[in-house]
Amino acid sequence: MLKLKLLFITALSILLNGQAFAIIGGREVPSTDPLKYKIVLIYLRNTSQGASICTGSLLPDNIILTAAHCLVDVKKKDVVLVFGPNVQCAKDKQCPTFGVKDMAIHEQYASRRKIEIKLAKAKKKIPQKSLSASVDLAVIKIDGQAPPEYQPFTRLGFPNTKPEEIVQVGFGATNALGEGMGHALRSTQKSITDLSTQKNLPLIMVHQPDTGVCHGDSGGPLVMQNEFEAALTGVGDSVINKDPNPEKICSSAAVYTRVDMNLPWINAAIAKLNAGSN
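Not measured: the values here are computed from a predicted model.

Enquirer: Please explain the overall build of the protein chain as it appears in this structure.
Expert: Broken down by element type, the protein chain carries six helices and 16 strands. Burial statistics for the protein chain: of 278 residues in total, 55% are counted as buried. Long-range pairs, those at least 24 residues apart, make up 75% of the contacts in the protein chain with a sequence separation of at least 6. Entry remark: accessible area of the protein chain is about 12900 Å², with carbon and sulfur atoms responsible for 52%.

Here it is, written out as structure tokens:
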């Protein structure tokens with residue numbers, strides 16, 4: 001298991017935060033896998049870096065849970081929610097797509113973003129305290145009804161019984177150079193020994209020396225599942241990079257925001273979005 005000090009985890013995850021990341025290695029999720037119909041491609045048409053892709057998880061009440069850094073400084077009209085196998089099917093109008101009715105970004109992440117902008121203009125370093133307090137979560141209210149074949153995650157946090165599989169899932173690229181982004185939903189399995197947590201820190205770190213997440217898959221889920229349930233345990237935050245080789249930029253570890261420790265905010269944000277849509 002990879003052991004890193006708390007500040008090291010936080011600092012490095014912040015450095016690479018804002019980079020969408022993707023599944024390298026692994027396999028394409030087959031149509032027979034129920035996970036294929038719980039995960040949504042988020043196509044961002046107009047960001048500061050041009051078009052981009054993130055991943056989101058479908059929740060009840062036509063809600064999508066994703067990463068805050070996917071949506072910060074992005075207008076609702078530029079977000080396309082794709083319920084299909086890839087981004088091309090949306091461009092060709094061959095699969096259902098929806099706009100955003102409303103969305104909410106975690107206040108602690110929004111505050112951090114304001115600090116980043118202010119200090120960047122002043123050419124000053126960002127205080128570590130302000131970075132470690134941020135929470136990279138956002139929720140989206142779909143402008144419409146999710147297709148009936150898509151079934152939401154109903155278990156948020158850890159499963160009630162011991163997981164048989166731990167899965168990273170995303171629509172991102174197939175290598176660290178960013179190739180294949182948005183071409184397919186892919187997954188890779190992890191063991192419990194690949195995971196590391198710190199007490200009172202709302203993050204999960206996943207050791208991934210060979211296969212895991214990288215460019216194009218921000219906001220995607222870390223799923224713990226068994227024959228009884230699939231639990232949405234983490235939301236893709238960032239990657240830790242210790243290798244200067246650009247082809248191995250994602251070969252150290254991935255950081256996920258813990259869902260269980262943020263359920264109060266998630267539930268409150270969903271309730272507010274639902275109230276506003278009535």
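Enquirer: Just to check I follow, could you spell out the packing of aromatic side chains for this structure?
Expert: Aromatic rings considered in pairs are described by the distance between their centres and by the relative angle of their planes. Under the criterion given, the structure shown has three aromatic pairs. An angle of 80° between the planes, with centres 5.6 Å apart, marks the rings of Tyr-37 and Tyr-150 as edge-to-face. With Tyr-37 in the loop between strand S1 (27–28) and strand S2 (39–47) and Tyr-150 in the loop between strand S8 (138–142) and strand S9 (155–156), this residue pair connects regions lying 113 residues apart in the sequence. Classification of Tyr-150 as buried rests on a relative accessible area of 7%. An angle of 90° between the planes, with centres 5.4 Å apart, marks the rings of Phe-83 and Phe-98 as edge-to-face. Pair noted here: Phe-83 is in the loop between strand S5 (79–82) and helix H3 (87–91) and Phe-98 is in strand S6 (residues 97–98), with a separation of 15 residues, a long-range link. Exposure remark for Phe-83: the relative accessible area of 2% places this residue in the buried category.

Enquirer: Would you explain the side chain of Lys-38 in this entry?
Expert: With respect to the element layout, Lys-38 can be found in the loop between S1 and S2. Buried charged residue Lys-38 carries no salt bridge. Nearest counter-charge: Asp-33, at 8.8 Å. Of note is the side chain of Lys-38, whose polar atom sits 3.3 Å from the backbone oxygen of Pro-152. Among all residues touching Lys-38, those that are not within four sequence positions of it are Gly-56, Ser-57, Leu-58, Tyr-150, Gln-151, Pro-152 and Phe-153.

Enquirer: Explanation requested: the pairing of S8 in the structure shown.
Expert: Strand residues, when the strand is regular, have side chains that alternate between the two faces of the sheet. Among the five residues in S8, five count as buried, and that is most of the element. The alternating pattern of S8 places Ala-138, Ile-140 and Ile-142 and Val-139 and Lys-141 on opposite faces, both of which are buried. Where strand S4 (residues 63–66) and S8 come together, four bridges link them in antiparallel fashion. Paired with Leu-65 across the two strands is Val-139, which belongs to S8.

Enquirer: Mind showing me how you'd approach the nonpolar core here?
Expert: Burial of nonpolar side chains together is a common tendency in soluble globular proteins. Counting 35 residues, the largest nonpolar core has Leu-59, Leu-65, Val-82, Val-139, Phe-153 and Val-169 as its most contacted members. Elements represented by at least two residues in this core include exactly S2, strand S3 (50–59), S4, S5, H3, strand S10 (165–170), strand S15 (230–240) and helix H6 (263–277). Top contributing element to this core by residue count: H6, with five residues. Ala-67, Ala-68, Ala-146 and Tyr-150 belong to the second largest nonpolar core, which has 24 residues in total.

Enquirer: Help me out: how do you make sense of the pattern of salt bridges in this one?
Expert: Any two side chains of opposite charge can pair, given that their charged atoms come close. This model, assessed by the stated rule, comprises three salt bridges. Here Asp-78 and Lys-77 are joined by a salt bridge, their closest N and O atoms 3.5 Å apart. Residue classification places Asp-78 among the buried residues on the basis of a relative accessible area of 8%. Its salt-bridge partner being Arg-258, residue Asp-260 comes within 2.7 Å of it at the nearest N-O pair.

Enquirer: Teacher, can you tell me more about the state of the cysteines here?
Expert: Cysteine pairs can be covalently joined through their sulfur atoms, and such a bond is termed a disulfide. By the definition in use, this model includes two disulfides. Bridging Cys-54 to Cys-70, the disulfide has an S-S length of 2.1 Å. Taking the sign of the S-S torsion, about -95° here, the bridge from Cys-54 to Cys-70 comes out left-handed. Of the two residues, Cys-54 is situated in strand S3 and Cys-70 in helix H2 (residues 68–71); the sequence distance between them amounts to 16 residues. The exposure class of Cys-54 is buried, given its relative accessible area of 2%.

Basis of the calculations
Residues numbered from 1 in each chain as written. Predicted model: local features only at pLDDT ≥ 70, side-chain atom pairs only at ≥ 80, totals over all residues. Heavy atoms only, no water. Helix = DSSP H or I, 4+ residues; strand = E, 2+ residues; numbered from the N terminus. Buried < 20%, exposed > 50% of the residue type's maximum accessible area, 1.4 Å probe, protein only. Contact = heavy atoms within 4.5 Å. Areas by Shrake-Rupley, 256 points an atom, 1.4 Å probe, with all protein chains shown as cover. Phe/Tyr/Trp six-rings, centres within 6.5 Å; stacked < 30°, edge-to-face > 60°. Lys, Arg positive; Asp, Glu negative; His and termini not counted. Salt bridge = Lys/Arg side-chain N within 4 Å of Asp/Glu carboxyl O. Polar contact = N/O pair within 3.5 Å; in protein donor to acceptor, adjacent residues only side chain to side chain. Pairing = 2+ DSSP bridges. Core = buried A, V, L, I, M, F, W, Y, C linked by side-chain atoms within 4.5 Å. Disulfide = S-S within 2.5 Å.

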